[in-house]
Amino acid sequence: MTSSVQRKRIRKSPDDRRAEIVGAAATVALTEGLECITLRRIADQLAVRPGLISHYFPAVEDLVAEAFGSAATAELESLLPVGAPDASPLDLLTDFFARTTGPAYDDMSRLWLNARHLSRYRPVLRERVLTQEHLWRGRLSSVVQDGVDRGQFRAEDALLAAVRILVVIDGLAGHANTGLGNHPSAATRFAAATAERELGLPEGTFTPTVDPA
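Residues numbered from 1 in each chain as written. Predicted model: local features only at pLDDT ≥ 70, side-chain atom pairs only at ≥ 80, totals over all residues. Heavy atoms only, no water.

Undergrad: I'd like to hear about the overall build of the protein, residue by residue, with values.
TA: Across its full length, the protein holds nine helices and zero strands. Looking at the protein as a whole, 36% of its 213 residues are labelled buried. Per element, the accessible surface of the protein, about 12,400 Å² overall, is 52% carbon and sulfur. (Helix = DSSP H or I, 4+ residues; strand = E, 2+ residues; numbered from the N terminus. Buried < 20%, exposed > 50% of the residue type's maximum accessible area, 1.4 Å probe, protein only. Areas by Shrake-Rupley, 256 points an atom, 1.4 Å probe, with all protein chains shown as cover.)

Take a look at the structure:
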């Protein structure tokens, strides 16, 4: 005689379900583009009904903005982590410049390009892009100011130095779809070289010490 055990379905909490939906949308954003995020697309990916997605995100524009914000926040926490106990500002920026070059960074660069383009037409996404830019400026300027306070860097205005560095990084990221193959080899160091000048450091200070892949 055989017996069967009915499997109990585990009901996810609203917070867990929402996070799952945003995570799935962020994956689609990184691999396919923000335009590919639809309620049905995410429902199919999670094997649920579209109505469940619309329960949490009645407007797809809100889900698009959340997906971008989630991916961009994860990028910021990965590239410039807060509270690393053994990392000096100099160490943080050295690793930062190593990780913002090469193929491993291209998907995120493409997402930023995608978001900035679409933000012209999508006000909800535009607000999220502006928020993420503000967070980036604040995080990088804090690292710069910390380095100044410790005597590692020299900068009269930490925020202005951070903005100049980010402008160069964004300029290089603008080539994510075509690459820098037709540029001088030194082009890959434009952002690091700019930071070295802005922070009063010798050329080559931010030579990568970790594998950017």
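Undergrad: Describe the environment of Leu92, listing the residues and the values that go with them.
TA: For Leu92, the position within the fold is in helix α5 (residues 89–99). Separated by 13 residues in sequence, Leu92 and Leu79 have C-alpha atoms that sit 8.4 Å apart.

Undergrad: Which residues make up the packing of aromatic side chains, and what values go with them?
TA: This model, assessed by the stated rule, comprises four aromatic pairs. Plain terms: the ring middles of Phe96 and Trp136 are 5.9 Å apart, the flat faces sit at 50 degrees to each other, and that makes the pair tilted. Separated by 40 residues along the polypeptide, Phe96 in helix α5 and Trp136 in helix α7 (residues 123–149) bring together distant segments of the chain. Across the pair, exposure class does not vary: Phe96 and Trp136 are buried alike. Feature note: the residues Phe96, Phe97, Trp136 and Phe206 constitute an aromatic cluster, connected by ring pairs. (Phe/Tyr/Trp six-rings, centres within 6.5 Å; stacked < 30°, edge-to-face > 60°.)

Undergrad: Break down the pattern of salt bridges for me, citing the residues and quoting the values.
TA: This structure, assessed with the given rule, holds 13 salt bridges. Of the charged contacts, one joins Glu32 and Arg41 as a salt bridge, the two residues approaching to 2.5 Å between their closest N and O atoms. Residue Glu32 is classed as partly exposed on the basis of its relative accessible area, which comes to 40%. Ionic pairing is found between Glu133 and Arg116, a salt bridge with its closest N-O pair at 2.9 Å. Of this pair, Glu133 sits in helix α7 while Arg116 sits in helix α6 (residues 103–118), and the two are 17 residues apart along the sequence. Residue classification places Arg116 among the partly exposed residues on the basis of a relative accessible area of 30%. Salt bridges linked by common partners bring Lys12, Arg17 and Glu20 together as one network. (Salt bridge = Lys/Arg side-chain N within 4 Å of Asp/Glu carboxyl O.)

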